[in-house]
Amino acid sequence: LESAAFFYIFTVKSNPMKPIMKLMLPIVLLLCTLSSVKAQQLKFNRSGQYKIVQFTDIHYKANVAASKKSIDMMNATLEAEKPDLVVFTGDIVVADPLAQGWDEVLATAISRKIPYMVTLGNHDDEAQWSRPEIAKYISQKPLLVNKQVAVEGVRGVLNAQVSIMGTNGKAGYSLYIMDSNAYSKVKSIPGYDWFSHDQVSWYVNASKKVRSENDSIVPALAFFHIPLPEYQTAFDNLKNKRLGVRYEGEASPIVNSGMFVAMATAGDVVGTFVGHDHVNDYLVDYLGVGLAYGCFSGSENTYVRGKNGARIIEIKEGVRAFHTYIRESDGAILYKTDFPFAKK
């Protein structure tokens, strides 16, 4: 389409007496625009397998030496794992120059032609750009899956439901990526923000739509930045099986707006994946849903885990389960497991 647009522009300029071609030019340019913003279609491979790499809390600062560690780790991880999708779960680029920072971070996926999804954290909009401005900038980047800056009537940016299509032409898995917002805007309620009621309603309706279109519940994963209050509840109860470590308290909102209950009721979400708390990397079973942290992917620009890394998630078409592990910057593999956990 881009080549066609160039051809028409060149021809019309060279032949100004051709009014029909002048009328066709806007149509061609519109097609090019629609093509550039069209989301990537995700598909399971012929064996019904799909691999996701989650990077989180990069806290990237362009032109700062420490940030090169993050780029090196991401490049090494993507070379080794060769995923089908990359998901960035917030606190990604936290300082000016923002355009350069986003370009450099996203280039790790774009240069390898790997589709990716992005959600923002509580620090991404603390520099020059607002959340909508950040979302608008990255929405123009190639290979971004959740390109819609905002959903009408739904709080936040880049909220999206995306299906991974199966070999039978139906959705084999569903992915939700959601803006968990930043800080409370209610003076009487301190701390971090929470999913708004319209976001919860959006998720419920999206889940129902996927179920209706596929005549069954489609297993799903959800990605966002700030952990739900249920993370602490689940980990505090020693009866809940877990793997990984908690080295700091969960910095969740103190208000619970019901997102977990909505997910548990809908029955599609098998796992949620967050960041935010840099030295937590656990996975805990809570009422049949895996509540997981990614692996801190940043550097000394902020407080650090011993080694940075990424979480790897592998799923199978139509199977309500996932295989996961953490890959550290030196290639070490931690906490390799299947979820649901094996019963003893």
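What you are looking at is a predicted structure, and each value in this text was computed from that prediction instead of being measured.

What counts, and at which threshold
- Residues numbered from 1 in each chain as written.
- Predicted model: local features only at pLDDT ≥ 70, side-chain atom pairs only at ≥ 80, totals over all residues.
- Heavy atoms only, no water.
- Buried < 20%, exposed > 50% of the residue type's maximum accessible area, 1.4 Å probe, protein only.
- Helix = DSSP H or I, 4+ residues; strand = E, 2+ residues; numbered from the N terminus.
- Pairing = 2+ DSSP bridges.
- Contact = heavy atoms within 4.5 Å.
- Axes fitted to C-alpha atoms, helices over the stretch in contact; angles between N-to-C directions.
- Expected span 1.5 Å × (residues − 1).
- Arc of directions from axis to C-beta.

## Brief notes about the pairing of strand β6 (residues 171-177)
Piece 1. Within β6, 7 of the 7 residues are buried, which leaves it mostly tucked inside the rest of the structure.
Piece 2. The pairing of strand β5 (residues 160-165) with β6 spans 6 bridges and is classified as antiparallel. By the bridge assignment, Ile164 is partnered in β6 with Tyr173.
Piece 3. A loop of 5 residues connects β5 with β6, the two strands running antiparallel in sequence, and Gly169 in this loop sits at a positive phi of about 85 degrees.
Piece 4. Relative to strand β7 (residues 220-223), β6 runs parallel, the two being bridged by 4 bridges. Bridge pairing in β7 places Leu175 opposite Leu221.

## Topic: the sheet that holds strand β9 (residues 269-274)
What holds strands together in a sheet is hydrogen bonding between their backbones, with the strands either parallel or antiparallel.
Piece 1. Pairing is mixed across the open sheet formed by 8 strands, whose spatial order is β1-β5-β6-β7-β9-β11-β10-β8. Each edge of the open sheet carries a strand with a single partner, namely β1 (42-43) and β8 (242-243).
Piece 2. Across the sheet, helix α6 (residues 197-214) is in contact with β5, β6 and β9; its angle to β6 comes to roughly 170 degrees.

## Brief notes about α6
In an α-helix, one turn spans 3.6 residues; hence positions three or four apart end up facing the same way.
Piece 1. For α6, with 18 residues, the first-to-last C-alpha span of 26 Å sits near the 26 Å given by 1.5 Å per residue.
Piece 2. Those residues of α6 that fall on the buried side of the exposure criterion are Gln199, Val200, Trp202, Tyr203, Ala206, Ser207, Val210 and Asn214. The buried side chains of α6 occupy one side of the element, clustering within an arc of 160 degrees when seen end-on. Across α6 from its buried face, at more than 90 degrees, point the exposed residues His197, Lys208, Lys209 and Ser212.
Piece 3. Positive backbone phi, at 60 degrees, marks Asp215, one or two positions downstream of α6.

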